[in-house]
Amino acid sequence: MLRSIAGLKVAAALAGVIVLAGCSKSDKPDLVAQSQQTAVPGSERDFVVNVGDRIQFLVDQSTLTPEAQDILRRQAAWLRQYAQVTVQVEGHADERGTREYNIALSARRSTAAREFLVAQGVQPSRVSTIAYGKERPVALCDAEQCWSQNRRAVTVVTGGAVSG
Amino acid sequence: MISRVLAAFVLGFAVCLASFSMAPPAHAVLEVDVTKGKIDPLPIALPNFLGDNPDAQQYGVDITTVIGSNLERSGLFRPLPQVSYIEQINDFSQRPRFGDWRTIQAQALVTGRAVLQEDGRLRAEFRLWDIFGEQQILGLQFVTRPKNWRRIGHLISDAIYKAVTGEEGYFDTRIVFIDETGPKDARKKRLAIMDQDGFNIRNLTNGADLVLTPRFSPTSQEITYMSFAGNRPRVYLYNIETAQREIVGEFPNMSFSPRFSPDGQSVIMSLQQGGNSNIYVLDLRSRQTRQLTNSPAIDTAPSYSPDGGRIVFESDRDGTQQIYVMNADGSGQQRISFGKGRYSTPVWSPRGDNIAFTKLGGGRFSIGVMRPDGSGERILTEGFHNEGPTWAPNGRVVMFFRETPGSGGGPQLYSVDLTGYNERKVPTPNFASDPAWSPLLK
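Basis of the calculations
- Per chain, residues are indexed from 1 in the order of the written sequence.
- Here the convention is simple: chains get letters from A, ligands get numbers from 1, in the order in which they are written.
- Confidence filtering applies because this is a predicted model: local features only for residues at pLDDT of at least 70, side-chain atom pairs given and counted only at 80 or more, and all residues used for totals across whole chains, interfaces and linings.
- Hydrogens and water molecules were not included; the side-chain quantities draw on all heavy atoms of the structure.
- The helix count covers DSSP runs of H or I at least four residues long, the strand count covers runs of E at least two residues long, and both are numbered beginning at the N terminus.
- Here the radius of gyration uses the C-alpha set of atoms, whereas the globule reference equals 2.2 Å times the residue count to the power 0.38.
- Partly exposed residues are those whose accessible area sits between 20% and 50% of the maximum for their type, while under 20% is buried and over 50% is exposed, using a 1.4 Å probe and protein chains only.
- Whether two residues are in contact is decided by their heavy atoms, any of which lying within 4.5 Å being enough.
- Computed by Shrake-Rupley with a 1.4 Å probe, the accessible areas treat only the displayed protein chains as cover when residues are assessed.
- In this tally, Lys and Arg are treated as positive and Asp and Glu as negative; His is ignored, and so are the chain termini.
- We put the charge of a Lys on NZ, of an Arg on CZ, of an Asp on CG and of a Glu on CD.
- Delimitation of the domains relies on an automatic or database domain assignment.
- Two parts placed together each lose some accessible area under a 1.4 Å probe, and the buried area is that loss summed for both.
- Any Lys or Arg side-chain nitrogen located within 4 Å of an Asp or Glu carboxyl oxygen qualifies as a salt bridge.
- Definition of a polar contact: a pair of N or O atoms within 3.5 Å, with one able to donate and the other able to accept a hydrogen when the atoms are protein atoms, and with sequence-neighbouring residues admitted only if both atoms are side-chain atoms.
- A pair of strands counts as paired when DSSP detects no fewer than two bridges linking them.
- Helix axes use the C-alpha atoms of the stretch in contact, all axes being lines fitted to C-alpha atoms, and the angles between their N-to-C directions lie in the range 0 to 180 degrees.
- Classification used: nonpolar for Ala, Val, Leu, Ile, Met, Phe, Trp, Tyr, Cys and Pro, charged for Asp, Glu, Lys and Arg, polar for all others including Gly.
- pLDDT is defined as a per-residue confidence score from the predictor, taking values between 0 and 100.
- To sort the angles, those under 35 degrees are grouped as roughly parallel, those over 145 as roughly antiparallel, those from 65 to 115 as roughly perpendicular, and the leftovers as oblique.
- In this scheme the handedness of a crossing depends on how the near helix is turned from the far one: anticlockwise by less than a right angle means left-handed, clockwise means right-handed.

## What to know about the overall build of chain B
Part 1: Broken down by element type, chain B carries 4 helices and 31 strands.
Part 2: Taking 442 residues into account, the globule formula puts the C-alpha radius of gyration at 22 Å, and chain B, at 23 Å, falls close to it.
Part 3: The principal-axis extent of the C-alpha atoms belonging to chain B is close to 70 × 45 × 45 Å.
Part 4: The buried share among the 442 residues of chain B stands at 58%.
Part 5: In chain B, once contacts between residues fewer than 6 apart in sequence are set aside, the share between residues at least 24 apart is 47%.
Part 6: Just so you have it, chain B exposes about 17400 Å², and 48% of that area is on carbon and sulfur atoms.
Part 7: Computed over 47 positive and 46 negative side-chain charges, the inter-centroid distance for chain B is 3 Å.

## Topic: the domain arrangement of chain B
Residues and elements named next belong to chain B.
Part 1: Split into domains, chain B comes out as domain 1 (4-165) and domain 2 (174-437).
Part 2: Taken over C-alpha atoms, the centre of domain 1 sits 35 Å from the centre of domain 2.
Part 3: Contacts between the two partners involve 14 residues from domain 1 and, on the opposite side, 13 residues from domain 2.
Part 4: Together, the buried faces of domain 1 and domain 2 total about 1200 Å²; carbon and sulfur atoms form 46% of this surface.
Part 5: Here domain 1 and domain 2 share 2 salt bridges between them.
Part 6: If you look at where domain 1 meets domain 2, you find 7 residue pairs in polar contact (both at pLDDT 80 or more).
Part 7: Only α2 (54-73) and α4 (149-165) provide two or more residues apiece to the side of domain 1 that touches domain 2.

## Structural notes on the sheet that holds strand β24 (residues 355-361) of chain B
Residue and element names in this part refer to chain B.
Part 1: A sheet is described by the order of its strands in space; here 4 strands give the open sequence β23-β24-β25-β26, paired in antiparallel fashion. In the strand order of this sheet, the two ends are held by β23 (342-348) and β26 (378-383), each with one partner. On average, each strand axis in the sheet is tilted by 20° relative to the strand beside it, whichever way the strands run.

## Details of the sheet that holds strand β21 (residues 322-327) of chain B
All names here are of chain B.
Part 1: If you walk across this open sheet you meet the 4 strands as β19-β20-β21-β22, and the pairing is antiparallel. Pairing within the sheet leaves two strands with one partner each, and these edge strands are β19 (299-304) and β22 (334-335).
Part 2: Looking at chain direction, strand β20 (residues 310-315) and β21 are connected through 6 bridges and run antiparallel. Bridging from a neighbouring strand, Val312 pairs with Val325 of β21.

## Remarks on the interface of chain B and chain A
Part 1: Chain B puts 41 residues into the contact, and the matching count from chain A is 24 residues.
Part 2: Scanning the region where chain B abuts chain A turns up 6 salt bridges.
Part 3: A:Arg108 is the partner of B:Asp316 in a salt bridge, and the nearest nitrogen-oxygen pair spans 2.9 Å.
Part 4: Inspection of the region where chain B meets chain A yields 17 residue pairs in polar contact (both at pLDDT 80 or more).
Part 5: If you list the elements that add at least two residues to the side of chain B that touches chain A, you get β11 (211-216), β15 (255-260), β23, β24 and β31 (431-437) of chain B.
Part 6: Taken together, the residues of the side of chain B that touches chain A break down into 14 nonpolar, 17 polar and 10 charged.

## Focus: the environment of A:Thr155
Residues and elements named next belong to chain A.
Part 1: Tracing the backbone through its elements, the reader meets Thr155 in strand β4 (residues 152-159).
Part 2: Take Thr155: its relative accessible area is 3%, and that puts it in the buried class.
Part 3: Counting along the chain gives 65 residues from Thr155 to Glu90, while the straight-line C-alpha distance between them is 6.3 Å.
Part 4: A polar contact is formed between the side chain of Thr155 and the side chain of Gln75, at a distance of 2.8 Å.

## Focus: the confidence of the model for chain B
All names here are of chain B.
Part 1: Per-residue confidence for chain B gives a mean pLDDT of 92, with 92% of residues at or over 70.
Part 2: Counting contacts from residues 1-13, a segment whose pLDDT is below 50, to residues more than four positions away or on other chains yields 26 contacts.
Part 3: Note on residues 19-28: pLDDT is under 50 here. Beyond four places in sequence and across chains, it has 16 contacts.
Part 4: The ipTM, which scores confidence in the relative placement of chains, is 0.91 for this predicted complex, and the corresponding pTM is 0.89.

## So, the packing of helix α4 (residues 66-81) of chain A against helix α5 (residues 99-119) of chain A
Residues and elements named next belong to chain A.
Part 1: The interhelical angle for the contact between α4 and α5, taken along N-to-C directions, is 50°, at an axis separation of 9 Å. Between α4 and α5, the crossing angle belongs to the class labelled oblique. For α4 against α5, the interelement crossing comes out right-handed. Counted together, Gln69, Leu72, Arg73, Gln75, Ala76 and Leu79 of α4 and Ala113, Phe116 and Leu117 of α5 form the full contact between these two elements.
Part 2: Per-class residue counts for the contact of α4 with α5 are 6 nonpolar, 2 polar and 1 charged.

## Digging into the pattern of salt bridges
Part 1: Inspection of every chain in the model, using the stated rule, returns 36 salt bridges over all chains.
Part 2: When the shortest N-O distance is used, the salt bridge between B:Arg121 and B:Asp119 registers 3.4 Å.
Part 3: In this structure, the salt-bridge partner of B:Glu250 is B:Arg232, at a minimum N-O distance of 4.0 Å. A residue pair is termed long-range when its members are at least 10 positions apart, and B:Glu250 in the loop between β14 (245-247) and β15 and B:Arg232 in the loop between β12 (222-227) and β13 (234-239) qualify at 18 residues.
Part 4: One network of salt bridges, in which partners are shared, links A:Arg99, A:Glu135, B:Glu180, B:Arg187, B:Lys189 and B:Asp434.

## Describing the packing of helix α3 (residues 44-51) of chain A against α4(A)
Residue and element names in this part refer to chain A.
Part 1: Running from N to C, α3 and α4 cross one another at 150°; their axes reach a closest spacing of 10 Å. Relative to α4, α3 is oriented roughly antiparallel. In the crossing of α3 with α4, the sense of the turn from one axis to the other is right-handed. Residues Asp46, Phe47, Asn50 and Val51 of α3 form the contact with α4, whose own contacting residues are Ile71, Arg74, Gln75 and Trp78.
Part 2: Residue composition of the contact of α3 with α4, grouped by class: 4 nonpolar, 2 polar and 2 charged.

Okay, structure coming up:
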């Protein structure tokens, strides 16, 4: 599920690129075939597709699960490789909490992710955080399969990435 | 400042009209006990206010409609249908034929008239009659600019409510809230304000920035709220009269969950540092902050007692969200919620006698009240998702928002009496959340 969302984002982002490319090239490239190949190393798309930009949390928790730690390790390795990249970790909560508490809970989640990246050797000055509480859900059903996707921390590239 | 400006043009004065009866008011007859659980609403007759000319007549009808609607929604009154009236009121100075009103089961009667004065202002006069006591128990007049005619309706409603219940009314008030439009995963949120009955709605922000949790100042036409402007979530002040916005203070990290102190001179809020959130108070004159809690936990949603001496807040310091009370200087922090489930968003009643809260448990969200020592917990409404109570200024009614489930679901505003009865939807054009009730307007 997580992967397919990331994939959709890539497809959407790529669509914009291809429209532009279409202006100078006569033959229209195939969107699906291109999506993996065109993630230029060191680009934002490379980070989202090949590293994974988000981790999930258990209900009312900010503890990093083993799966989350794996993703964050990959993120840290990528960030060490592309040392000019800066990121912001967005913390989110599901809708099954109250507004103010969820803002604080999502700050706790973004902080946990940031501290892990820093412990993995990413310079603290390269990683900022923001907390959105329950204000930015990505999955809309009223069931655990959606709420679990919304309990997340998303590492967003804010600068320094290779274009493409 | 604002209240002075308002006073200058909104309402001239309220004066007592001479009573028809020399006898003392017979409150023993015309009385509603608002503390009872289920109340039989008082049957009240409300013929249209009279007018000397078509314009005045129209104001009379409109004001009568506002009064009838307010009284009906309070759950304490049952306005009788005008078609059932036997006596026609044609003259404001007419003494009612009480027998005619008893025949249709009316216990109270309101007669009134609207007058467009030569100075261009609108005057509304009314008398409240006790049908069984056969006497006038209240007579008042209000003067205003004609465009403020709805406020006259609200003020007369408050006067009737107070005369019959002995409690202050809450009709001449406003609600600030968050207007929500667009799909659930791309919601646009605007700061909005309206009268308590849903009229005179107005957006205060344009939806470009995410805004949350607006709260009224108890003393001025100001709102404090949280905005994500500039991608930096912080607490702001907004002046309703001037539309001016300012950041309440510069802090290294996020500030959120603001609320005014009862004297309007301070804002209490949460400041975040890493995964930790603590409660601070900021003096609006000196702009000095003082830290009140220092726990390795989430301390948030602070709300003062009406005397300013204590603060109720929520914290997960004991593992899950629970409600705590402390002195205004941060001393004596004490947990008061011990029921099954999580407790959140505590708000101290303006009367001081209750704390309203959101309770989470078993996948349900309830609105409840408990006394400040944690005793006497009662649930007022329960369901899929009810959140964020706010008190009417008389401490008798609670407003909150209720989310409907599903991808097309969203929040709407509701009110419920302290007794748990008389739940009503508050009309808004779009989805609406985070309501905050104003004090009685000045």
